[in-house]
Protein chains: 2
Amino acid sequence: MGAVLLMRNIRIIVEYDGTCYHGWQRQPNGITIQQVLEEAAGRIVNRPVKIVGSGRTDAGVHALNQVAHFQTESTLPACNLLRGINSLMPADIVIKDLADAEEGFHARYDARSKIYLYYLHNELIRSPLFDRYSWHVSGRLDVDRMRKAAEYLRGTHDFSSFCAAGGDVIDHVRKVFGISLCRRAHGLISFLIEADGFLRYMVRNIVGTLVDAGSGKINPEDVRDILASQNRTAAGITAPPRGLFLKEVKY
Amino acid sequence: MGAVLLMRNIRIIVEYDGTCYHGWQRQPNGITIQQVLEEAAGRIVNRPVKIVGSGRTDAGVHALNQVAHFQTESTLPACNLLRGINSLMPADIVIKDLADAEEGFHARYDARSKIYLYYLHNELIRSPLFDRYSWHVSGRLDVDRMRKAAEYLRGTHDFSSFCAAGGDVIDHVRKVFGISLCRRAHGLISFLIEADGFLRYMVRNIVGTLVDAGSGKINPEDVRDILASQNRTAAGITAPPRGLFLKEVKY
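Residues numbered from 1 in each chain as written. Chains lettered and ligands numbered in written order. Predicted model: local features only at pLDDT ≥ 70, side-chain atom pairs only at ≥ 80, totals over all residues. Heavy atoms only, no water.

**What about the interface of chain A and chain B?**
In step 1: In this complex, chain A contributes 25 residues to the contact, which on the side of chain B involves 25 residues.
In step 2: Carbon and sulfur atoms supply 61% of the area that chain A and chain B bury against each other, a total of about 1,700 Å² over both sides.
In step 3: The largest per-residue losses of area from chain A upon contact with chain B belong to A:Arg126, A:Pro128 and A:Leu129, which jointly make up 38% of the total buried on that side.
In step 4: One can count 10 residue pairs in polar contact (both at pLDDT 80 or more) joining chain A with chain B. (Contact = heavy atoms within 4.5 Å. Buried area = accessible area lost by both parts, 1.4 Å probe. Polar contact = N/O pair within 3.5 Å; in protein donor to acceptor, adjacent residues only side chain to side chain.)

Structure (structure tokens):
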């Protein structure tokens with residue numbers, strides 16, 4: 001006669017350096033963040049664990065606060081679960097917070113918006129010390145022009161022009177709540193974008209296009225036409241993943 | 001009849017991420033920054049090149065502005081030398097500046113002082129994104145106590161207590177011009193130290209000892225006795241290399 005075990009719903013906040021991973025989502029051809037977390041959690045609770053993230057991050061993309069949830073019958077206190085799983089984490093992944101969530105909490109379905117951060121390193125000479133976490137663009141960028149270009153993306157639009165080809169997502173309409181660009185110390189430019197959801201490569205395609213506006217290759221108002229064309233080839237290149245961080249998920 | 005070739009003296013400023021190197025100095029058992037630079041410069045000027053740094057940095061230690069010099073009969077303009085050598089550099093090393101120096105300029109003998117920077121990450125939970133460039137200390141550190149402890153190191157002292165055992169340097173007297181500690185965003189503490197020279201592991205042994213003062217393991221005034229003992233075992237542990245950066249060399 002076993003005791004009646006309550007199913008708990010656990011919410012975790014995860015930070016990771018994505019350099020060495022094939023992204024968040026489990027896949028057959030390489031190691032992923034989700035897999036590392038699931039295997040560690042499974043060892044601690046002695047049962048297979050399925051971890052659901054707020055969304056995927058691509059290969060090489062980092063996260064400051066990825067949110068995920070998993071269900072378990074374990075009776076271990078939250079702080080022991082946290083310590084136990086973290087004791088099995090490699091140096092480039094850590095659970096920053098772990099707590100019991102409401103029964104119905106779902107990391108993906110309940111997310112209202114996400115904020116991504118992108119770092120550009122805009123100096124003539126590249127920097128080995130920023131290399132892992134930024135995209136080096138040596139030509140001087142005009143941040144005001146990039147801001148003007150970004151303004152056309154604010155609001156509800158069909159973002160097909162900024163979406164990777166060949167995905168299985170049909171609805172390309174997303175709402176961008178805000179974009180901000182800021183010159184920082186040491187030649188860094190930070191780019192923040194908040195939206196109700198993101199298509200595959202959407203942030204990186206936007207960054208690539210804004211760099212074209214900042215370098216003078218296109219005019220800021222061209223972004224309006226790029227958006228209207230609903231054609232991926234109209235926009236700029238895909239910025240590399242190294243500069244991209246999932247910063248926050250809002251519920 | 002060859003033309004008379006002038007020997008030029010070239011000064012370079014180098015930035016590197018030392019994570020994957022066995023330090024600055026050439027050695028038989030692993031790849032070093034000096035070796036990578038010498039091989040690349042040698043290919044560009046078509047002659048073996050000997051590069052003299054301002055001093056060694058240990059395995060895993062980084063540099064923002066390491067200074068070095070080399071002599072060459074090459075007639076390539078400085079900007080071409082810079083571009084040429086940098087085109088052969090891996091992602092974790094770059095020459096930030098290259099210029100003709102005075103005939104007698106010597107990167108090591110002429111250095112008047114050096115500034116090292118050390119980052120501590122002082123939050124309960126470690127951070128994968130700071131891991132490469134800081135030492136994680138989870139217990140809360142009292143920066144005021146660390147500052148008080150550091151005051152005893154300012155000035156001219158015999159630093160035997162903070163010097164790695166077994167070195168071939170006999171004179172352990174160095175002059176510390178200044179030390180500053182600062183709480184930064186995201187749980188970081190920066191530590192800056194300027195001195196006329198540094199013994200092997202001196203910065204890292206000082207940081208290890210100041211962390212003991214900040215955690216309460218020793219009292220700030222104990223540093224006076226540690227210094228006076230001229231005994232390495234009196235001081236704290238050697239802080240890991242990952243948090244250490246050679247920031248500036250003054251001439």
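Once the structure has been displayed, the description carries forward.
**Examining the packing of helix α3 (residues 143–151) of chain B against helix α4 (residues 202–215) of chain B**
All names here are of chain B.
In step 1: Their axes nearest at 7 Å, the elements α3 and α4 cross at an angle of 135°. In terms of their interaxial angle, α3 and α4 are classed as oblique. The two elements α3 and α4 meet at a crossing, and its hand is right-handed. Listed contacts from α4 to Arg-145, Met-146, Ala-149 and Ala-150 of α3 are Leu-210, Val-211, Ala-213 and Gly-214.
In step 2: Across the contact of α3 with α4, the residue classes tally to 6 nonpolar, 1 polar and 1 charged. (Axes fitted to C-alpha atoms, helices over the stretch in contact; angles between N-to-C directions. Helix = DSSP H or I, 4+ residues; strand = E, 2+ residues; numbered from the N terminus. Parallel < 35°, antiparallel > 145°, perpendicular 65-115°, else oblique. Left-handed = near helix turned anticlockwise from the far one by under 90°. Nonpolar A, V, L, I, M, F, W, Y, C, P; charged D, E, K, R; others polar.)

**Quick word on the relation of the copies chain A and chain B**
Two copies of the chain are present, and they differ by a rotation about an axis and a shift along that axis.
In step 1: Taken as rigid bodies, chain A and chain B are interconverted by a rotation of 180° and an axial shift of 0.0 Å, the fit giving an RMSD of 0.0 Å. In symmetry terms, the pair is related by a two-fold rotation axis. Using C-alpha coordinates, one finds that chain A approaches the rotation axis most closely at A:Arg132, a distance of 5.0 Å.
In step 2: A high fraction, 100%, of the interface residues of chain A reappear at the interface in chain B, so the copies pair face to face through one surface. (Least-squares fit on C-alpha atoms with pLDDT ≥ 70 in both.)

**What about the packing of aromatic side chains?**
In step 1: Applying the stated criterion across every chain, the model contains 12 aromatic pairs over all chains.
In step 2: Arranged with centres 6.3 Å apart and planes meeting at 55°, the rings of B:Phe159 and B:Phe162 form a pair that is tilted. Neither residue differs from the other here; B:Phe159 and B:Phe162 are each classed as buried.
In step 3: Of the aromatic side chains, those joined through ring pairs into one cluster are A:Tyr119, A:Tyr133 and A:Phe245.
In step 4: Geometry around A:Tyr201 places A:Arg204 over its ring, the cationic atom sitting 4.6 Å from the centre. (Phe/Tyr/Trp six-rings, centres within 6.5 Å; stacked < 30°, edge-to-face > 60°. Buried < 20%, exposed > 50% of the residue type's maximum accessible area, 1.4 Å probe, protein only. Lys NZ or Arg CZ within 6 Å of the ring centre and 35° of its normal.)

**Some thoughts on the environment of A:Leu82**
In step 1: Along the chain, A:Leu82 turns up in helix α2 (residues 78–87).
In step 2: The class for A:Leu82 is buried, based on a relative accessible area of 15%.
In step 3: Residues A:Leu82 and A:Tyr109, 27 residues apart in the sequence, show an inter-C-alpha distance of 24 Å.
In step 4: Not counting residues within four places of it along the chain, the set of residues in contact with A:Leu82 comprises A:Ile95, A:Asp97, A:Leu98 and B:Ile125.

**A few points about the confidence of the model for chain A**
In step 1: Averaged over every residue, the pLDDT of chain A is 95; the share at 70 or more is 98%.
In step 2: This complex was scored by the predictor with a pTM of 0.93 and an ipTM of 0.91. (pLDDT = per-residue confidence, 0-100.)

**Considerations on the packing of helix α1 (residues 33–45) of chain B against helix α2 (residues 78–87) of chain B**
All names here are of chain B.
In step 1: One can describe the packing of α1 onto α2 by two numbers: an axis separation of 9 Å at closest approach and a directional angle of 125°. Between α1 and α2, the interaxial angle falls into the category oblique. α1 and α2 meet at a crossing whose hand is right-handed. Residues Ala-40, Ala-41, Ile-44 and Val-45 of α1 lie in contact with α2, whose contacting residues are Leu-81, Gly-84 and Ile-85.

**What about α1(B)?**
All names here are of chain B.
In step 1: A rise of 1.5 Å per residue sets the reference length of α1, with its 13 residues, at 18 Å; its end C-alpha atoms lie 18 Å apart and thus fit the reference within 8%.
In step 2: Taking burial as the measure, the 13 residues of α1 include 10 buried ones, the bulk of the element.
In step 3: Taken together, the buried positions of α1 are Ile-33, Gln-34, Gln-35, Val-36, Leu-37, Glu-38, Ala-40, Ala-41, Gly-42 and Val-45.
In step 4: Check the buried side of α1 and you find it contacts β1 (8–16), β3 (62–72), α2 and β4 (93–100).
In step 5: Positive backbone phi, at 60°, marks Asn-46, one or two positions downstream of α1. (Expected span 1.5 Å × (residues − 1).)

**Examining the environment of A:Ser113**
Residues and elements named next belong to chain A.
In step 1: Mapped onto the secondary structure, Ser-113 falls in strand β5 (residues 113–121).
In step 2: You can call Ser-113 buried: its relative accessible area is 4%.
In step 3: For the pair formed by Ser-113 and Asn-205, sequence separation is 92 residues and the distance between their alpha carbons is 19 Å.
In step 4: In contact with Ser-113, not counting residues within four places along its chain, are Phe-177, Glu-194, Ala-195, Asp-196, Glu-248, Val-249 and Lys-250.
In step 5: A polar contact of 2.6 Å, which involves the side chain of Ser-113, links it to the side chain of Glu-194.

**Quick notes on the pairing of β5(A)**
Residue and element names in this part refer to chain A.
In step 1: Most of β5 sits out of view: 8 of its 9 residues are buried.
In step 2: Here 6 bridges tie β5 to strand β10 (residues 244–250), and the two strands are oriented antiparallel to one another. By the bridge assignment, Tyr-118 is partnered in β10 with Leu-244.
In step 3: As judged from the 8 bridges shared by β5 and strand β9 (residues 188–195), these two strands associate in the antiparallel manner. What sits directly across from Leu-117, in β9, is Leu-192.
In step 4: In this structure, β5 lies alongside strand β6 (residues 135–136), joined through 2 bridges in parallel fashion. Counted as the bridge partner of Leu-120 is Trp-135 from β6. (Pairing = 2+ DSSP bridges.)

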